[in-house]
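Residue-level structure breakdown
Here are the chains, one letter per residue:
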Amino acid sequence: MSLDGAYDDGNIFAKIVRGEMPCVKVWEDDQILAFMDVFPQAKGHVLVISKTSKARNLLDAEAKTIGRLIGAVQKTARAVKAALKPDGLVVTQFNGSTAGQTVFHLHFHIIPRWDGVPLGRHGEGGMADMGELKALADQIAGALDGPERS
Ligand code: AMP
């Protein structure tokens, strides 16, 4: 899909937001959902999405949505750092299939990095063990500092 086009309500993240598909949730509030990437590029790879915006990418999004999302990304990244003690953290966001985007609902990736551990390739990793993902999500959620911990 190119950079331009209409939002597709049938995309996998829209289904997750509507509760039609499961996810391993880290936290949510009325506007934001943070959940574990099921094909992680590293242990603790988290995705952060808006539950209300129909932006496919950063270019489509309203400034208000971006502001809210970036705040949520920082909050989540701080919790990932506190929980998993990585040596670094990558934040990525892809726009258009040529750039590597595969799900056309605006999202940010938070990917912890450890010295000497290579980064998995975007979109080419194997599916994670659900029990391990749940344990990581619980660990990260336990390190959140806001009321969204539930
Ligand atoms: P992107 O390629 O930037 O659009 O990112 C989409 C991400 O969603 C990829 O990293 C996928 O591994 C991840 N993904 C795809 N389906 C699911 C799913 N059902 N639950 C969690 N993550 C998913």
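Small disclaimer: the values here were computed from a predicted structure and weren't measured.

Description of the pattern of salt bridges
Taken as a whole and assessed by the stated rule, the structure comprises 8 salt bridges. With a shortest N-O distance of 2.8 Å, glutamate 20 and arginine 18 are connected by a salt bridge. Ionic pairing is found between glutamate 28 and lysine 51, a salt bridge with its closest N-O pair at 2.8 Å. One end of the pair, glutamate 28, is in strand E1 (residues 25-28); the other, lysine 51, is in the loop between strand E3 (46-50) and helix H2 (63-84), with 23 residues separating them in the sequence. The exposure class assigned to lysine 51 is partly exposed, which follows from its relative accessible area of 23%. What emerges from the salt-bridge pattern is a single network uniting Lys25, Glu28 and Lys51.

Quick word on the site of the ligand
Neighbouring the ligand are 16 residues; Asp37, Thr102, Val103, His109 and His122 lie closest to it. Contacts to the ligand include threonine 102, whose side-chain N or O atom sits 2.6 Å from an oxygen atom. Protein contact buries 90% of the 500 Å² of open area that the ligand shows by itself. Mapped onto the shell around the ligand, the elements with two or more residues apiece are helix H1 (12-17), strand E2 (32-36) and strand E5 (107-113). Its residues assigned to classes, the shell around the ligand comprises 9 nonpolar, 6 polar and 1 charged.

Topic: unusual backbone geometry
Positive phi values are uncommon outside glycine, yet lysine 85 reaches one of about 50°. Following the sequence through the fold, lysine 85 ends up in the loop between H2 and strand E4 (88-92).

Quick look at the pairing of E1
Where E1 and E2 come together, 3 bridges link them in antiparallel fashion. Bridge pairing in E2 places lysine 25 opposite phenylalanine 35. Between E1 and E2, which pair antiparallel in sequence order, lie 3 residues.

Points about the side chain of aspartate 29
Structurally, aspartate 29 is set in the loop between E1 and E2. Classification of aspartate 29 as buried rests on a relative accessible area of 16%. At 2.7 Å, the side chain of aspartate 29 forms a polar contact with the backbone nitrogen of isoleucine 32. Looking at aspartate 29, its side chain comes within polar contact range of the side chain of arginine 68, at 2.7 Å.

Conventions used here
Residues numbered from 1 in each chain as written. Predicted model: local features only at pLDDT ≥ 70, side-chain atom pairs only at ≥ 80, totals over all residues. Heavy atoms only, no water. Salt bridge = Lys/Arg side-chain N within 4 Å of Asp/Glu carboxyl O. Helix = DSSP H or I, 4+ residues; strand = E, 2+ residues; numbered from the N terminus. Buried < 20%, exposed > 50% of the residue type's maximum accessible area, 1.4 Å probe, protein only. Near = heavy atom within 4 Å. Polar contact = N/O pair within 3.5 Å; in protein donor to acceptor, adjacent residues only side chain to side chain. Areas by Shrake-Rupley, 256 points an atom, 1.4 Å probe, with all protein chains shown as cover. Nonpolar A, V, L, I, M, F, W, Y, C, P; charged D, E, K, R; others polar. Pairing = 2+ DSSP bridges.

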